[in-house]
Amino acid sequence: MDIRVGIGYDVHKLVENRKLFLCGVEFDHPLGLLGHSDADVALHAISDAILGAVGAGDIGQWFPDTDNTFKDADSKELLRTVMQSDALKGWQVGNLDVVIIAQQPKILPMVPAMRKCLSELLNCSVDRISIKGKTTEKLGFTGRGEGIAAHAAVLMQKL
């Protein structure tokens, strides 16, 4: 069996007057993430992990922030594009592990909704997806509430 592992990372700044999306789910939070798209750091890290696993570049190459086509894009649609691309033909997600680093909001209450959203986007069962929220004990930019970071690791299996 052909299996490959990919890792992804992303970070965005928290600002006023933006909605906050993580793993495709909107959070009730006074701040949102600033970016060219909707700035869903988790979906961006996941996209990078998947693309990296199959040797297909990264989301910056696929959806450059210099292209207005992707201005305010829904990151779920970007991930759908990746998953339906020729680069992913014959590949399936074996498992996905995501870490979201944020002082606020609390991640745990939203994990079931995020796992459900990801299972639909990735066409895999919920039990293949793990999402964890971590704080930095108020250290660094995430600890000060200036931004949110995400790490993703994925195992891709050739069908």
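As shown above, the structure is provided for reference.
Read on for an overview of the structure. Since the model is a prediction, treat every value here as computed from it, not as a measurement.

Criteria and thresholds
Residues numbered from 1 in each chain as written. Predicted model: local features only at pLDDT ≥ 70, side-chain atom pairs only at ≥ 80, totals over all residues. Heavy atoms only, no water. Salt bridge = Lys/Arg side-chain N within 4 Å of Asp/Glu carboxyl O. Buried < 20%, exposed > 50% of the residue type's maximum accessible area, 1.4 Å probe, protein only. Axes fitted to C-alpha atoms, helices over the stretch in contact; angles between N-to-C directions. Helix = DSSP H or I, 4+ residues; strand = E, 2+ residues; numbered from the N terminus. Contact = heavy atoms within 4.5 Å. Nonpolar A, V, L, I, M, F, W, Y, C, P; charged D, E, K, R; others polar. Expected span 1.5 Å × (residues − 1).

With the rule as written, the count across this model stands at 8 salt bridges. The salt bridge partner of Lys71 is Asp72, with a shortest N-O separation of 4.0 Å. The class of Lys71 is partly exposed, set by a relative accessible area of 44%. Note that Glu146 is salt-bridged to Arg144, the shortest N-O span being 2.8 Å. Under the relative-accessibility criterion, Glu146 is labelled partly exposed at 39%. The exposure class assigned to Arg144 is exposed, which follows from its relative accessible area of 54%. Here the salt bridges share partners, and the residues they tie into one network are Arg18, Lys71 and Asp72.

Bringing the packing of helix H3 (residues 75-83) against helix H4 (residues 111-122) into the picture now. Following both chains from N to C, one finds H3 and H4 inclined at 35°, their axes separated by 9 Å at the closest point. Along the contact surface, H3 presents Lys76, Leu79, Arg80 and Met83, while H4 presents Cys117, Leu121 and Leu122. Classifying every residue of the contact of H3 with H4 by side-chain character gives 5 nonpolar, no polar and 2 charged.

Every α-helix winds through 3.6 residues per turn, so residues three or four apart in the chain are directed the same way. The terminal C-alpha atoms of H4, which comprises 12 residues, lie 16 Å apart, in line with the 16 Å expected from a rise of 1.5 Å per residue. Within H4, the full set of buried residues consists of Val111, Met114, Cys117, Leu118, Ser119, Leu121 and Leu122. Buried residues belonging to H4 abut strand S2 (20-22), strand S3 (25-27), helix H1 (41-53), H3, strand S5 (91-101) and strand S6 (129-134). Looking one or two residues past H4, Asn123 carries a phi angle of roughly 55°, positive in sign.

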